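Secondary and tertiary structure notes
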Amino acid sequence: MARIVLITGASAGFGAAIARHFAAKGDRLILTARRLERLEKLRAELESSAQIHLVQLDVRDRSQVEEKLRQLPEAFAAVDILVNNAGLALGLGPAQQAELDDWDTMIDTNCKGLTYCTRVLLPGMVERNRGHVVNIASAAGSYAYPGANVYGASKAFVLQFSDNLRADLLGTRVRVSCIAPGMAETEFSLVRFKGDVERARGLYAGSNAMTASDIAHAVMYVTDQPEHLNINHIEMMPITQAPAGLKVLKTPG
Ligand code: NDP
Ligand code: 8X3
């Protein structure tokens, strides 16, 4: 039976790839993001295989999230799978030089936006005793690296929130999975480096980074499990990336 899948941040990267994978299965998709023209292009690409509803949505705007996700057309209202994917990093400088506005944007999007979408859709899932929340965290939520400051912390929030959701949902058939990828080549670094194409390209060059499709495969894996089974976490990285130990600074002499 076709599932109803709502994906945040479907206009690029992982979100668009996840939409393609669900569409290939004939699932019914609600694609959301701020850039409507990108969503329209994606709908044109996928509408021969899936029914698609678009919602222009800024997940940071609580009243917009509440209003738009509570007013989904009937055929899309009973959301089975929420993929909380919308998110971003801004900047890679040390905390003492970071822009507070960038920190606000990351917290508002990666933490608060994700909780708004979850809170609106969760009661329906519990009432139907059926549903799956898939949160996209990051390896940066588990492993510190210079410049990850608030980005990493926001993704640690996503990891912990996912586990805490599971605790609250015990006794229901609503599932929660958290996928924590390492480096994948999307528009992520272009956004992080504020449009600096060369810097973004340079980061991925020679790294054999993961692709958006790799992450979409993981989303399909967790959502295709038999109903009695919950995949809690997946952490994934390209073979070229690893948590590489603690640094020690020694005084000379
Ligand atoms: P992209 O920049 O390619 O895509 C990000 C998506 O998020 C876009 O569709 C964008 O849509 C959406 N988005 C950003 N801000 C908002 C907002 N305020 N409201 C609604 N949508 C928003 O990056 P990725 O696909 O790589 O990233 C997707 C998720 O994966 C993010 O949460 C990211 O932190 C995480 N991640 C990425 C990794 C990577 O290496 N690429 C690794 C680990 C995790 P629009 O601008 O149209 O609103
Ligand atoms: C982004 C993954 O490893 O570039 O969330 O920090 S990493």
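Up top is the structure these notes are about.
Residues numbered from 1 in each chain as written. Chains lettered and ligands numbered in written order. Predicted model: local features only at pLDDT ≥ 70, side-chain atom pairs only at ≥ 80, totals over all residues. Heavy atoms only, no water.

Details of the layout of surface pockets
For clarity, the threshold we go by: Residues are called lining when one of their atoms sits within 4 Å of a cavity or pocket point, these points coming from a 1 Å grid over the protein atoms alone, where a cavity is a set in which a 1.4 Å probe fits but cannot get out and a pocket is an open set with protein on both sides within 12 Å along at least five of seven lines. Grid points are joined across faces, edges and corners, and a volume is the space filled by probe spheres set on the points. Side-chain classes are defined by residue name, with Ala, Val, Leu, Ile, Met, Phe, Trp, Tyr, Cys and Pro counting as nonpolar, Asp, Glu, Lys and Arg as charged, and the others, Gly among them, as polar.
Its volume calculated, the second largest pocket comes out at about 220 Å³. In terms of residue class, the lining of the second largest pocket is made up of one nonpolar, five polar and six charged.

Focus: the side chain of His132
Under the convention used in this document: Per the convention used, a helix needs a DSSP run of H or I reaching at least four residues, while a strand needs a run of E reaching at least two, with both numbered from the N terminus. Under this definition, polar contacts are N or O atom pairs within 3.5 Å; protein pairs additionally need one hydrogen-donor-capable and one acceptor-capable atom, and for neighbouring residues in sequence, both atoms have to be side-chain atoms. We call two residues in contact whenever any of their non-hydrogen atoms come within 4.5 Å of each other.
Following the sequence through the fold, His132 ends up in strand S5 (residues 131-136). Within the local environment of His132, its side chain forms a polar contact with the side chain of Ser177, the two groups lying 2.8 Å apart. If we ignore the near neighbours within four places in the chain, the residues touching His132 are Asp80, Ile81, Leu82, Met125, Val174, Arg175, Val176, Ser177, Val222 and Thr223.

Concerning the sheet that holds strand S7 (residues 233-236)
Which entries qualify depends on this criterion: A strand pair is defined by DSSP finding two or more bridges across the two strands. For helices, the axis comes from a line fit to the C-alpha atoms of the stretch in contact; other axes are also lines fit to C-alpha atoms, and the angle between any two N-to-C directions lies between 0 and 180 degrees.
The strand order across the open sheet formed by seven strands is S3-S2-S1-S4-S5-S6-S7, and the pairing between neighbours is parallel. With partners counted over all chains shown, the strands left at the sheet margins are strand S3 (52-56) and S7, one partner each. Looking at each pair of strands side by side, their axes are set apart by 15° on average, direction ignored. Of the strands in this sheet, strand S2 (28-33) and S3 are in contact with helix H2 (residues 36-46), which crosses S3 at around 175°. Sitting on the sheet, helix H6 (residues 149-169) touches S5, strand S6 (174-181) and S7, and the angle it makes with S6 is about 160°.

Structural notes on the packing of aromatic side chains
Let me state the cut-off plainly: Stacked, tilted and edge-to-face pairs are distinguished by plane angle, under 30 degrees for stacked and over 60 for edge-to-face with tilted covering the rest, among Phe, Tyr and Trp rings (Trp via its six-membered ring) whose centres lie within 6.5 Å. Criterion for a charge above a ring: Arg CZ or Lys NZ at most 6 Å from the ring centre, at most 35 degrees from the ring normal.
By the definition in use, this model includes two aromatic pairs. Between Phe157 and Phe161, the ring centres sit 5.8 Å apart and the planes meet at 15°, which makes this aromatic pair stacked. Pair noted here: Phe157 and Phe161 are both in helix H6, with a separation of four residues, about one helical turn. Positioned above the aromatic ring of Phe193 is the side chain of Arg199, whose terminal nitrogen or guanidinium carbon lies 3.9 Å from the ring centre.

Structural notes on the site of ligand 2
To keep things clear, this is the line we draw: For this description, a residue counts as near a given molecule or strand if any of its non-hydrogen atoms is within 4 Å of it. Only the protein chains shown count as cover for residues, with accessible areas throughout obtained via the Shrake-Rupley method and a probe of 1.4 Å.
Neighbouring residues of ligand 2: Ser138, Ala140, Tyr145, Tyr151, Pro181, Gly182, Met183, Phe188 and Gln241. Contact distances for ligand 2 include 2.6 Å between an oxygen atom and a side-chain N or O atom of Ser138. One of the side-chain N or O atoms of Tyr151 is found 2.6 Å from an oxygen atom in ligand 2. Starting from 250 Å² of accessible surface for ligand 2 in isolation, the protein chains cover 87%. Looking at the shell around ligand 2 residue by residue, the class counts come to six nonpolar, three polar and no charged.

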